[in-house]
Each structure stands twice: as structure tokens, then as C-alpha cells.
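Single-letter residue listing:
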Amino acid sequence: MRQYSPSGWAAICICIAAVVHFALGFLIEFSVDEAHYALYAQHLAWSYFDHPPLVGWIQWPLVALTSSEGLIRIIPELLWIVSCILVYQVTLEIHHFIQGRNAGYLTSSLPTANACGLMAVLAIIAAPMPHVLAIGLLPDTLLTPLSLGIMLMAIRWLIQDRFSIGDWILMGVLLGLAGLSKYTAVFTAFALILVFFSARRKSWITKVGFWVALFIALLFISPVLYWNWTNDWISFKYQIAHGGGGEWLWRRLGAFLGLQILVFGPLLIMGTYLFFRTCMHATKLSLVALLGFFFIPFVIFASLSGGGGLPHWTTPAWFCLAPFAGIGLAKAWSTQRRAIIRALFIIQIALCFIGFGFVLSGGISSASIKSNPIADLYGWKIAGQKAALLIQTTKADGIAVQNWTLASRAAWYAKPIPVFVLDQRKDQFDLWFGQLPLGANILLINWSGMAFPTPIGSKSAFERCEPLDTLEVQRFGQVLSKFDFSLCSNWQGPASIK
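Counting from 1, residues in each chain are numbered in the order their sequence is written. It should be noted that, the model being predicted, local features are given only for residues of pLDDT at least 70 and side-chain atom pairs only at 80 or more, the latter also being counted only at that level, while totals for whole chains, interfaces and linings use all residues. The basis for every side-chain value is the complete set of heavy atoms in the structure, and neither hydrogens nor water enter the calculation.

## What to know about the pattern of salt bridges
Consideration 1: Take a side-chain nitrogen of Lys or Arg and a carboxyl oxygen of Asp or Glu: if they are within 4 Å of each other, that pair is a salt bridge. Within the structure shown, the criterion is met by nine salt bridges.
Consideration 2: For the salt bridge of D232 with K237, the shortest nitrogen-to-oxygen distance reads 3.0 Å.
Consideration 3: Partly exposed residues are those whose accessible area sits between 20% and 50% of the maximum for their type, while under 20% is buried and over 50% is exposed, using a 1.4 Å probe and protein chains only. Classification of K237 as partly exposed rests on a relative accessible area of 48%.
Consideration 4: Note that D427 is salt-bridged to R425, the shortest N-O span being 3.7 Å.

In C-alpha cells:
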């Protein structure tokens, strides 16, 4: 370890993880979300039904050149690298801030800034969930480095107690890009305002630069506002309903918290606890305000999780917590409390590699297991190619599926064939391909992982459906799933499938 500095080891660890991400990117087909956002890049627009447009815009150059999953995934891999570098840099700035505001025992007993930065980076590398977003581009993959960038600017504002006009412009650009990434960027904006209010002087609101930053941020998100205005504000209506979820249940909250510990790892929690215990002796208000970059989004998502939620939504928040955890872990390491840190790191890294192996093997298919989530990552490419050939043979008007989550891979791997979703829920595919015309003949794809009854025999379905072909997906000798292809004739109207 002494051969390299902490910054050198941080760079080595980031590079090793990046190589793993790059290799895995070529071995796995697109997930449902990845294909959906790649379709954003194929259908450029000012915004989209479920998310702002940056996740599609940033992929457009590569999607225009290639359909290779591995090459398109270079974008999230680079964003992950940038996020790790920013975690390291934010840690240095927080260390500098603590040293500048404190004297005596706390300052002299702090480990070096670089050691803290290394620990913060290692805590992120050992967390399983960030590796998922490092391979697959999601809006959260974009929001993570932007949140860290805003947090970095907030710390520098606390240290300097003022901004140049260039700093304000950069802040406005970061806020605008965050707003173009995901609607939950508003939580990051709330955390920034909390930091502003935590300072002794409140003169920021009278500065021309602040209003310039606000104008730039609004200018950046104006395409989203314009698109929603012309589309009856459907994105905002959808996100409000989506965030609320279903019936609120305590067991869902418990499952959410347990899953957060599992997918982000106890190292981050332990490091944060140690930071609170040893480094919160002074400048408490400003440090608590900075911790708002974690606690504001996390508490909101946790409170909503009783109605439903996804574990990766908190990823930007955990990255913003990592610098504090890194300082706490480095302090514990410097006082010879290394055994538990080393053990947790090894366990978490082992879990990451077990997860990688589980994904590459195709998961576990067994009658005793209700579903195999890994099966969703295999078979769609060949199914899309087979669907395209069947469309040519049958002269069908397009492809139909019975749930929107099945549509993105079908549309991506069978492009440019239109894909219609046979339900009453309005979604992005209605905007791209419109409604299935009455009397249309269509190729219906039914996937065993989310099977539906054939939509015939009523006035709101097809007149008849004839089986055409079946595709069985296998990996290392085990059957993962099955695709059934049928030619359905004479569409008679919206189906009652939800």
C-alpha cells in the first residue's frame, strides 16, 4: 500500500472497477429501462412522458452510430468514473472546511484529506447498487455527478462566503442540467438552499449572480416546461401519481430500509455514524446543511416507500453521503480500528462479484422460485430479430405487447417496427406510435416472465389469434424464459388489460 499515495490507490481502484463495468457492458442485453432511454435517443424530443430529456439527448450521438450495447454503455461508465472523482474531491473540500473552522484536537486528529478521499471512494466501490447504474444509463446515473457538482459548489461557497459571476453561472448550469436529468433534482435544489440559509450572512439573495444562476437554470429546463405545456402536463401528472404509489404499508417501509442497507452496504452507514461521533464538534449547522444533500431526498423517498418505490432512486443521495462516511472511516482506520472496516469491505466486494456472477449465469430458474429477475436480461435481442422476420413474412402492421414494460426491448431490438401496448394506460409508446388502428393485423409477443391471456373473444380485442412460433431462451443449459409469437387479426378496440 505504501508504494502509492491514497490518491493513486483511489485512481487504481476506480480504473479496476471501470474495466469490470466495460467488460460486463458487452455481455448483457439491455434492461427494460436502458432500452427505453435508448429509444429516447432515437426519437429526439423536447421531453418525454416519464422523464426529462437529458438521458436521451446524451446518448444520441452513440445511438446514431451504433446499436452495440457495450459501446452505448460507455456513457454510464464514464459518468460513474466522474462521480467517483467528484466524491474524492468533495471529501477533500469537506476536510478543508472542517480544518478551516476548527482548531485543537479535532483538526490535529483528523487523518489526511487524501486518506479520507480514498476511504470515500472505496465505500462507493464496495456498494453493489452503484455498479448497476455504472453499466446501465438511468436518469439517476446522470443526476449523481450533477448532485455532487452542486454539493461541491455549495462547500466552496461556505468556505469563501462569496461567489464570482463565473461561479454563479456554473451553479446555474449544474442546476439546469440536473433538472433536465430527473424531476427529483428539486430535492438537490432544496439542499442547496438549506446550505445558503445556514451561512451567517444571507447576502446571496441580493447578488446579481444568484439571479443569473436562477435564470440560467430556468432557461435549461424550459424545453421540459414547454413540452409539458403542449402535452397537458402529462409528465407531472404521471410523476405525482407514480411517487404516491399504492396503499401505504409499514412493511414496505421496512423492506425499503432493509434493501437500502443491502444494496448500498453497511460501510457507508458505519462511516457516517463515526463521522457524527467524532467530527461534529463545531460548525454543526453548516455540516448538517451539507448532509441535507443526503437526508432530504432519502427521507422523502423513505416516506413514500410505504406506497411503493425503487431502491436506485436514492443513489445520488448515497454518493453525496460518501464523503462524510469516508472521513469517519479514515479516522477509525487511523486509530487502529481496522478489522471491522476490512471485513465489511471484503464482504461487500464479495457480494458485488457474486452479483456479477449471478447476472452472467442467467440467475436461478426453479419451480420453487416464483420468478427469475435475471431472465429479463436475456433473449430479447433474438426475439426482436425473429419478430422482424415474422413481420416481413406475415405483412403485419406492427408488434403488440400487453404491458408497457415489455415494449421497450421489442421496440429497440426490432426497430424501426412500431410497437403497440394493448392496455388503457397512456404511456410514451402512445406518443411514439399512436393507437393501434381498428381492423389492424398485428404480431403479438407473449413473454413467459410476464404472461397474459390471448386478447380474443370480446369486442375490445382481436377477432382471432393464430400461433406462429415459439422461442425458448437458454443459458448454460437452463431454460430462462419463452417467447410466443402469434398473428392476431382484426383489432376491434382498446383491450381491458392492466
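Anyway, onward from the coordinates.
## Some points on the packing of helix α10 (residues 139-160) against helix α11 (residues 165-181)
Consideration 1: Every axis in this analysis is a line fitted to C-alpha atoms, fitted for helices over the stretch in contact. Angles between the N-to-C directions lie between 0 and 180 degrees. Secondary structure is summarised from DSSP: a helix means a run of H or I of at least four residues, a strand means a run of E of at least two, and numbering begins at the N terminus for each. For the pair α10 and α11, the least separation of the axes is 9 Å and the interaxial angle reads 155°. Classed by the angle they form, the pair α10 and α11 counts as roughly antiparallel. Judged by the sense of rotation from one axis to the other, the crossing of α10 with α11 is left-handed. Counted together, P139, L142, L143, L146, G149, I150, M153, A154, W157 and Q160 of α10 and D167, W168, L170, M171, L174, L175, L177, A178 and S181 of α11 form the full contact between these two elements.
Consideration 2: Each residue is assigned to one class: nonpolar for Ala, Val, Leu, Ile, Met, Phe, Trp, Tyr, Cys and Pro, charged for Asp, Glu, Lys and Arg, and polar for all the others, Gly among them. Classifying every residue of the contact of α10 with α11 by side-chain character gives 15 nonpolar, three polar and one charged. Every angle not falling under 35 degrees, over 145, or within 65 to 115 is termed oblique; those three ranges are roughly parallel, roughly antiparallel and roughly perpendicular. The handedness criterion is simple: a crossing whose near helix is rotated anticlockwise from the far helix by less than a right angle is left-handed, and one whose near helix is rotated clockwise is right-handed. In this analysis, two residues are considered to be in contact whenever any of their non-hydrogen atoms come within 4.5 Å of each other.

## So, the confidence of the model for the chain
Consideration 1: Chain-level statistics for the chain give a pLDDT mean of 90 and a share of 93% at 70 or above.
Consideration 2: A residue's pLDDT is simply how confident the predictor is in it, with values from 0 to 100. Taken element by element, the predicted model of the chain shows its lowest mean pLDDT in helix α7 (residues 105-109) (54) and its highest in helix α3 (residues 54-57) (97).

## Here's the deal with helix α20 (residues 380-394)
For an α-helix, 3.6 residues make a turn, and residues three or four places apart therefore share a direction.
Consideration 1: Each helix should span, by expectation, one fewer than its residue count multiplied by 1.5 Å. Here α20 is 15 residues long and its end C-alpha atoms lie 20 Å apart, about the 21 Å a rise of 1.5 Å per residue gives.
Consideration 2: Of all the positions in α20, only W380, A383, G384, A387, L390 and I391 are classed as buried. The buried side chains of α20 occupy one side of the element, clustering within an arc of 125° when seen end-on. Exposed and facing more than 90 degrees away from the buried side of α20 are L389, Q392 and T393.
Consideration 3: If you follow the buried residues of α20, they end up packed against β1 (399-401), α21 (407-413), β3 (442-447), β4 (462-475) and β5 (478-491).
Consideration 4: In the segment just after α20, K395 is the residue with positive phi, at about 60°. Here the arc refers to the set of directions running from the helix axis out to each C-beta atom.

## Focus on the packing of helix α16 (residues 266-279) against helix α19 (residues 339-361)
Relative placement of two packed helices is described by the angle separating their axes and the distance separating the axes.
Consideration 1: The N-to-C vectors of α16 and α19 enclose an angle of 155°; their axes lie 9 Å apart at closest approach. On the basis of the axis angle, α16 is roughly antiparallel to α19. Contacts from P266, L267 and M270 of α16 reach α19 at I340, I341, L344, F345 and Q348.
Consideration 2: Its residues assigned to classes, the contact of α16 with α19 shows seven nonpolar, one polar and no charged.

## A short note on the nonpolar core
Side chains of a nonpolar character, in soluble globular proteins, are inclined to be buried together.
Consideration 1: The criterion is simple. A nonpolar core is a set of buried Ala, Val, Leu, Ile, Met, Phe, Trp, Tyr and Cys residues joined through side-chain atoms within 4.5 Å. I94, L287, L290, F293 and F324 are the most contacted members of the largest nonpolar core, which totals 90 residues.
Consideration 2: Sorting elements by how many residues they give to this core places helix α18 (residues 315-334) first, with twelve residues.
Consideration 3: Not counting the four nearest positions on each side in its chain, F324 is found in contact with I94, M151, G271, F275, L287, L290 and L291.
Consideration 4: One finds L24, Y40, L390 and W491 within the second-largest nonpolar core, a separate group that totals 72 residues.

## Remarks on the side chain of S198
Consideration 1: One can find S198 in helix α12 (residues 185-198).
Consideration 2: On the basis of relative accessible area, S198 is assigned to the buried category, the value being 10%.

## Points about the state of the cysteines
Consideration 1: What counts as a disulfide here is a pair of cysteine sulfur atoms lying within 2.5 Å. Inspection of the entire model under this criterion finds one disulfide.
Consideration 2: Residue C465 pairs covalently with C488 via a disulfide, S to S 2.0 Å. What sets the handedness of the C465 and C488 disulfide is the S-S torsion sign, and at about 115° it is right-handed. A residue pair is termed long-range when its members are at least 10 positions apart, and C465 in strand β4 and C488 in strand β5 qualify at 23 residues.
Consideration 3: C488 gets classed as buried once you look at its relative accessible area, which sits at 0%.

## Some details on the packing of aromatic side chains
Consideration 1: Aromatic pairs are defined between Phe, Tyr and Trp rings, using the six-membered ring for Trp, whenever the two ring centres lie within 6.5 Å; interplanar angles under 30 degrees are classed as stacked, those over 60 as edge-to-face, and all others as tilted. A complete count under the given rule lists 31 aromatic pairs for this structure.
Consideration 2: The interplanar angle of 10° and the centroid separation of 3.8 Å between the aromatic rings of Y40 and Y48 together place this pair among those described as stacked. Each member of the pair, Y40 as well as Y48, is classed as buried.
Consideration 3: Judged by centre distance (5.1 Å) and plane angle (15°), the rings of F264 and W318 are stacked. One end of the pair, F264, is in helix α15 (residues 250-264); the other, W318, is in helix α18, and 54 residues separate them in sequence.
Consideration 4: By relative accessible area, W318 is classed as buried at 4%.
Consideration 5: In textbook terms, an aromatic cluster arises when at least three aromatic residues are bridged by ring pairs, as seen for Y37, Y40, Y48, F429, W432 and F433.
Consideration 6: Sitting over the face of the ring of W412, K415 holds its NZ or CZ atom 3.4 Å from the ring centroid. The rule for a charge over a ring is simple: NZ of Lys or CZ of Arg within 6 Å of the ring centre, and within 35 degrees of the ring normal.

## A few points about the side chain of S286
Consideration 1: With respect to the helices, strands and loops of the structure, S286 is situated in helix α17 (residues 284-304).
Consideration 2: Taking the relative accessible area as the measure of exposure, S286 reaches 9% and is therefore buried.
Consideration 3: When sequence neighbours within four positions are dropped, the list of residues in contact with S286 reads F97, L158 and S198.

## Brief notes about α16
Consideration 1: Here α16 spans 19 Å end to end across 14 residues, near enough to the 20 Å set by a 1.5 Å rise per residue.
Consideration 2: Listed as buried for α16 are L267, L268, M270, G271, T272, L274, F275 and C279.

## Describing the sheet that holds β3
Consideration 1: What makes two strands pair is DSSP finding at least two bridges between them. With mixed pairing, the five strands of this open sheet are ordered in space as β2-β1-β3-β5-β4. At either end of the open sheet lies a strand with only one pairing partner, and these are β2 (419-421) and β4. If you compare each strand with its neighbour and ignore which way they point, the axes differ by 30° on average.
Consideration 2: As paired strands, β3 and β5 are joined by six bridges and run antiparallel to one another. Each residue of the ladder has a partner; that of L443, found in β5, is L487.

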